[in-house]
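Residues per chain are reported as follows:
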Amino acid sequence: MGKLINEHAVVIAGAGPTGLMLAGELALAGVDVAIVERRANQELAGTRAGGLHSRTIEILDQRGIAERFLSEGQVAQVGQFAGVTLDISDFPSRHPYSLGLWQNDIERILAGWVGELAVTIYRGVEVTGFTQSETGVDIALSDGQSLRAEYLVGCDGGRSVIRKAAGIEFPGWDPTMSSLIAEVELAEVPEWGTREDALGVHGLGRVDYEIRNGEVVYADSGPVRVMVTEAHIGPASEPTLQNLSDALIAVYGTDYGVHSPTWISRFTDMTRQAAAYRDRRVLLAGDAAHVHAPEGAQGLQIGVQDAMNLGWKLAQVVNRTSPDSLLDTYHNERHPVTARILRTTMAYVALRRPDARMEALRDTIAELLSAEEPRRRFAAMMFGLDIHYDLGEGHPLLGRRVPDLDLITPNGPLRVFALLHGARPVLLNLGAPGSFDISPWADRVQLVDAAYAGTWELPAIGEVTAPAAVLIRPDGYVAWVGNQTQQGLVDALTTWFGPPIATT
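Residues numbered from 1 in each chain as written. Predicted model: local features only at pLDDT ≥ 70, side-chain atom pairs only at ≥ 80, totals over all residues. Heavy atoms only, no water.

Q: Could you give me a rundown of the overall build of the protein chain, with the residues and numbers involved?
A: What the protein chain contains, in helices and strands, is 11 helices and 31 strands. Computed over the C-alpha atoms, the radius of gyration of the protein chain is 24 Å, within 12% of the 23 Å expected from 2.2 N^0.38 for a compact globule of 504 residues. Along the first, second and third principal axes, the C-alpha set of the protein chain runs to 80 × 60 × 40 Å. Scored against the burial criterion, the 504 residues of the protein chain give a buried share of 55%. (Helix = DSSP H or I, 4+ residues; strand = E, 2+ residues; numbered from the N terminus. Rg over C-alpha atoms; globule rule 2.2 N^0.38 Å. Buried < 20%, exposed > 50% of the residue type's maximum accessible area, 1.4 Å probe, protein only.)

This is how it looks when you write it as structure tokens:
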């Protein structure tokens, strides 16, 4: 290890959306957190991911920053499966839509939020390795210096140095296809839009666009975003402009005079998931923990959800509120949820194959999705609105995201999500005021007496019985549901928010 330049409670490798979200979550809890990022600034070459799904927007709303993204993006109903558009405008969510917004804008806005919090960012360097002990992690940097932390989180992408150095296995499926994606200039006007042929799916469109009446309308000028499926799986090496030209000619018969690439990248349908999201003091989140094809635009969404699940738990462990074992629930909750998404993504890719039998299957599934119940089920899954953590038997709300209800409180109207802006848990009492005494947790859990007169409705499962009280975790998921008694409440408070403080 080189010269130790600083110590932090948590060091995050990578300042992509996952790393930024996690840093913000930790900073809200007062944790000394730092990010190590190899880019000299937050600028991202090219556009990468193209938007946010409903559940991701809800997460940002829970922290009071959704409007920053909504003011710059374009709302649309663009989700689909098997070629069927999944309109969620009738779903019980304040954000029943997707938001068209390029990843470089998403990162810029997230970085602005993180910049308002106490987060140190080391730019222009990257983590090259680490050693961990019972007391902490010594982290080697590419400039020959080192950092020390209590915990290290790898948010450093699909080729994660952290995952490899931790020796965490990355099982899954090898690629069956590859595509080139790029941002370029074209000398000739191309055939805009998408095309499907024997090779696969291809597309050409301006980076700048508007959504009018649900249709994408491209700008008259500016850089062009290209996606073209290759005839054979490409090598792991960085693709070249010649590779892109050859692929375009194979599909379109011309490369349209392609030149001046901003960036060129290759993606495949390789699908892998870390066997463990944690090795003692080292954790993984985002693409470091799972990779898959971009179909369905799930990658960024899953990463932000990882960060939301891990952040408050890691903060409580660092702040000595909860035992280290709380971190095991991160893997236990996120691994099966993501495994299901990876399975769905593989099915999505398979159904896109230009094959007569696959077309028959695609038509069959499309017919199924024309029925209301399958549509709601698949749409909720594709937009992250059906996530259910297994917290045991009980009320349907248990382990699901709390609806953003319009509450009536002694201090006036209040949205449920507004209670979560500070990333603190909430015991929401909808029964007689003063029904609950949680004074041993008063420093950790907000107790809010309120009333709500409407129905409780959840995506995918519909209306549920109105509870008398709910214990809401900082990530917006319900950890306990009560009727007129406190049965099970003390156990839930202790499990999720640490043992009670002795009162005299």
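Q: Break down the sheet that holds strand E19 (residues 259-268) for me, with residues and values.
A: Taken together, 5 strands build an open sheet; the order of strands is E14-E15-E18-E13-E19 and the sheet is antiparallel. Of all strands in the sheet, those bounded by a partner on one side alone are strand E14 (193-196) and E19. Adjacent strand axes in the sheet meet at a mean angle of 15°, parallel and antiparallel pairs treated alike. In terms of strand pairing, strand E15 (residues 201-206) meets strand E18 (residues 224-229) through 4 bridges, oriented antiparallel. Bridge pairing in E18 links Gly203 to Met227. Along the sheet, helix H6 (residues 241-252) makes contact with strand E13 (178-185), E14, E15, E18 and E19, crossing E18 at roughly 70°. (Pairing = 2+ DSSP bridges. Axes fitted to C-alpha atoms, helices over the stretch in contact; angles between N-to-C directions. Contact = heavy atoms within 4.5 Å.)

Q: Report on helix H9 (residues 356-369), specifying residues and quantitative values.
A: In a regular helix each residue adds 1.5 Å, so 14 residues correspond to 20 Å; H9 covers 20 Å between its end C-alpha atoms and thus fits that length. For H9, the complete set of buried residues consists of Arg362, Ile365 and Leu369. Buried residues of H9 fall within an arc of 70° about the axis and therefore sit on the same side. Seen from the buried face of H9, the exposed residues on the opposite side, beyond 90 degrees, are Ala356, Arg357, Thr364 and Glu367. On its buried face, H9 sits against strand E5 (80-81), strand E6 (84-85), helix H8 (328-351) and helix H10 (372-382). By the N-cap criterion, in which a side-chain oxygen at the helix start approaches the backbone nitrogen of a residue two or three places on, H9 is capped by Asp355, the distance to Arg357 being 2.8 Å. (Expected span 1.5 Å × (residues − 1). Arc of directions from axis to C-beta. Polar contact = N/O pair within 3.5 Å; in protein donor to acceptor, adjacent residues only side chain to side chain.)

Q: Summarise a nonpolar patch on the surface; cite the residues concerned and give the values.
A: Among the surface-exposed residues, Val189, Trp192, Val216 and Tyr218 lie close enough to one another that they form a single nonpolar patch of about 370 Å² accessible area. Summarising the element assignment, Tyr218 is placed in strand E17 (residues 215-218). (Patch = residues over 30% accessible without salt bridge, like charges linked within 9 Å, V, L, I, M, F, W, Y side chains within 5 Å. Areas by Shrake-Rupley, 256 points an atom, 1.4 Å probe, with all protein chains shown as cover. Salt bridge = Lys/Arg side-chain N within 4 Å of Asp/Glu carboxyl O.)

Q: An account of the pattern of salt bridges is needed here, citing residue identities and associated values.
A: In this structure the tally under the stated criterion is 32 salt bridges. Among the ionic pairs, Glu58 bridges to Arg401, the shortest N-O distance being 2.9 Å. On the criterion of sequence distance, the pair formed by Glu58 in helix H2 (residues 54-62) and Arg401 in the loop between H10 and strand E24 (406-409) is long-range, its members being 343 residues apart. For the pair formed by Glu58 and Arg401, the shared burial category is buried. The residue Glu333 makes a salt bridge to Arg473 at a minimum N-O spacing of 2.8 Å.

Q: Give a detailed account of the sheet that holds strand E30 (residues 469-472), specifying residues and quantitative values.
A: In space, the 4 strands of this open sheet follow the order E27-E26-E30-E31, with mixed pairing throughout. Whereas interior strands pair on both sides, the edge strands pair on one side only; in this sheet they are strand E27 (446-449) and strand E31 (478-482). Between one strand and the next, the sheet's axes are offset by a mean angle of 15°, whatever the strand orientation.

Q: An account of the pairing of E18 is needed here, citing residue identities and associated values.
A: Remember that side chains alternate between the two faces of the sheet whenever the strand is regular. Within E18, 5 of the 6 residues are buried, which leaves it mostly tucked inside the rest of the structure. The sheet contact formed by E13 and E18 spans 6 bridges and is antiparallel. Paired with Ala182 across the bridge in E18 is Val226.

Q: Describe in detail the packing of aromatic side chains, supporting the description with residues and values.
A: Enumeration according to the criterion identifies 9 aromatic pairs in this entry. Each ring, one from Phe81 and one from Tyr348, has its centre 5.6 Å from the other, and the planes form 90°; the classification is edge-to-face. Residue Phe81 is found in strand E5, and its partner Tyr348 is found in helix H8; the two are separated by 267 residues along the sequence. Classification of Tyr348 as buried rests on a relative accessible area of 8%. When the centroid spacing of 4.7 Å and the interplanar angle of 45° are considered together, the rings of Tyr389 and Tyr477 count as tilted. Pair noted here: Tyr389 is in the loop between H10 and E24 and Tyr477 is in the loop between E30 and E31, with a separation of 88 residues, a long-range link. With respect to burial, Tyr389 and Tyr477 carry one shared label: buried. (Phe/Tyr/Trp six-rings, centres within 6.5 Å; stacked < 30°, edge-to-face > 60°.)

Q: Any details on the pairing of strand E1 (residues 4-13)? Residues and values, ideally.
A: Examined bridge by bridge, E1 and strand E11 (residues 146-154) share 8 bridges and lie parallel to one another. Counted as the bridge partner of Ile12 is Val153 from E11. Inspection of the sheet shows E1 paired to strand E2 (residues 33-37) by 4 bridges, in the parallel sense. Along E2, the bridge assignment pairs Ala13 with Val36.

Q: Pulling in residues and values, what's your account of the environment of Glu359?
A: Turning to its location among the elements, Glu359 is positioned in helix H9. With relative accessibility at 43%, the residue Glu359 sits in the partly exposed group. Taking the C-alpha atoms as reference, Glu359 lies 27 Å from Gly384; in sequence the two are 25 residues apart.

Q: So what about the side chain of Gln62? Which residues, and what values?
A: Structurally, the position occupied by Gln62 is in helix H2. The class of Gln62 is buried, set by a relative accessible area of 0%. A polar contact is formed between the side chain of Gln62 and the side chain of Arg55, at a distance of 3.2 Å.

Q: An account of unusual backbone geometry is requested, with residue identities and associated values reported.
A: With a phi angle near 60°, Ala423 is a residue other than glycine that sits in the positive phi range. Within the secondary structure layout, Ala423 lies in the loop between strand E25 (412-415) and strand E26 (426-429). Given the relative accessible area of 14%, Ala423 is considered buried. One non-glycine residue with positive phi stands out, namely Ala460, at about 75°. Judged by its relative accessible area of 32%, Ala460 is partly exposed.

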